[in-house]
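# A structural walkthrough
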Amino acid sequence: MSTTDIVLNVSGVSKRFGGLQALSDVGIQIRAGQVYGLIGPNGAGKTTFFNVLTGLYTPDSGSFALGGEPYTPQAVHQVAKAGIARTFQNIRLFADMTALENVMVGRHIRTQSGLLGAVLRTPGFKAEEAAIAKRAQELLDYVGIGRYAEYKARTLSYGDQRRLEIARALATDPKLIALDEPAAGMNATEKVVLRELIDRIRNDGRTILLIEHDVKLVMGLCDRVTVLDYGKQIAEGTPAEVQRNEKVIEAYLGAGHAAH
Ligand SMILES: Nc1ncnc2c1ncn2[C@@H]1O[C@H](COP(=O)(O)OP(=O)(O)OP(=O)(O)O)[C@@H](O)[C@H]1O
């Protein structure tokens, strides 16, 4: 594989909060079409890494390239424009908008007419809106909640809200989709469906970064995994490699977790 296959290249990321070194010199490379997992015990720095990558925190050091171009994580909508779409650990939907409208919002960052077209309701704007609605419906169908298009987001089940977040992320046509604990709060059946969905998204050529507490899900799904512990990268490799890494076993057992 050549370097052009690398969708995300991050190196030397450090972030300190007061006296706490939340990230120390962390680097990852994600290749096109991979599901890349970021795991580690509570407080390991996973969310901080995500927040740095998506512009919510400014790193103390670090360099980033997205699709071979230098990338500086800044304001959230600029991050989306640059090509990273993320979901949140605590679901962030527009609760009183319909499922369809939520996905349409995601799509709007890729459209031309802009605010003035929307206010004037120009013919170009109307045609574009119809195209966006059609694409949004396709994405709802794709994640398996097409029948709820007209339901308000807050009326959907927890698992369906997570799928709606993924549809909204896909709507931006991202180079990289970053999923922040997508299985959190899901029951076993919902997790199976989620796993199938992430698999399908990868098979359709997308590239995914996944933070997840459910080690079984990560190990079953990811092509490569980085393990963080106290802000340090203690292992990187295939699931099979990291699973038998002594430092990883120690970090999980030491923190009272079972790496099952
Ligand atoms: N905004 C902040 N201010 C101060 N400390 C923070 C801040 N955000 C995170 N931290 C600290 O940085 C460390 C790493 O936290 P982080 O949330 O990144 O870990 P995590 O691996 O995502 O944990 P979890 O699995 O519990 O979500 C923790 O000790 C946390 O308390």
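As the structure is a prediction and not an experimental result, all values here were calculated from the model. (Residues numbered from 1 in each chain as written. Predicted model: local features only at pLDDT ≥ 70, side-chain atom pairs only at ≥ 80, totals over all residues.)

### Description of the confidence of the model for the protein chain
Detailed reading of predicted coordinates is not advised where the pLDDT is low. In the predicted model, the protein chain carries a mean pLDDT of 88, and the fraction of residues at 70 or more is 90%. Looking over the protein chain, one finds the lowest element-wise mean pLDDT in helix H4 (residues 114–120), namely 61, and the highest in strand E2 (residues 20–31), namely 97. Across the whole predicted complex the pTM is 0.88, and at the interface the ipTM reaches 0.95. (pLDDT = per-residue confidence, 0-100. Helix = DSSP H or I, 4+ residues; strand = E, 2+ residues; numbered from the N terminus.)

### What to know about the domain arrangement of the protein chain
Taken as a whole, the protein chain is organised into domain 1 (1–83 + 174–260) and domain 2 (94–173). Just the C-alpha atoms count here: the centres of domain 1 and domain 2 sit 27 Å apart. Taken together, the contact pairs 10 residues of domain 1 with 11 residues of domain 2. If you list the elements that add at least two residues to the side of domain 1 that touches domain 2, you get helix H2 (76–82) and helix H7 (188–203). In terms of residues, the side of domain 1 that touches domain 2 owes the most to one element, H2, which gives three residues. Taken together, the residues that form the side of domain 1 that touches domain 2 break down as six nonpolar, two polar and two charged. (Domains from an automatic or database assignment. Contact = placed C-beta atoms within 7 Å. Nonpolar A, V, L, I, M, F, W, Y, C, P; charged D, E, K, R; others polar.)

### Here we look at the sheet that holds strand E8 (residues 208–211)
With mixed pairing, six strands are arranged side by side in an open sheet as E6-E7-E8-E3-E9-E10. Here the strands that pair on one side only, and so sit at the sheet edges, are strand E6 (84–86) and strand E10 (232–237). Strand-to-strand twist in this sheet, taken as the mean axis angle between neighbours without regard to direction, amounts to 20 degrees. Of the strand pairs in this sheet, E6 and strand E7 (residues 176–180) are connected by three bridges, and their pairing is parallel. Counted as the bridge partner of Ile 84 is Leu 176 from E7. Of the strands in this sheet, strand E3 (35–39), E6, E7, E8 and strand E9 (224–229) touch helix H1 (residues 46–53), which is tilted by about 145 degrees from E7. (Pairing = 2+ DSSP bridges. Axes fitted to C-alpha atoms, helices over the stretch in contact; angles between N-to-C directions.)

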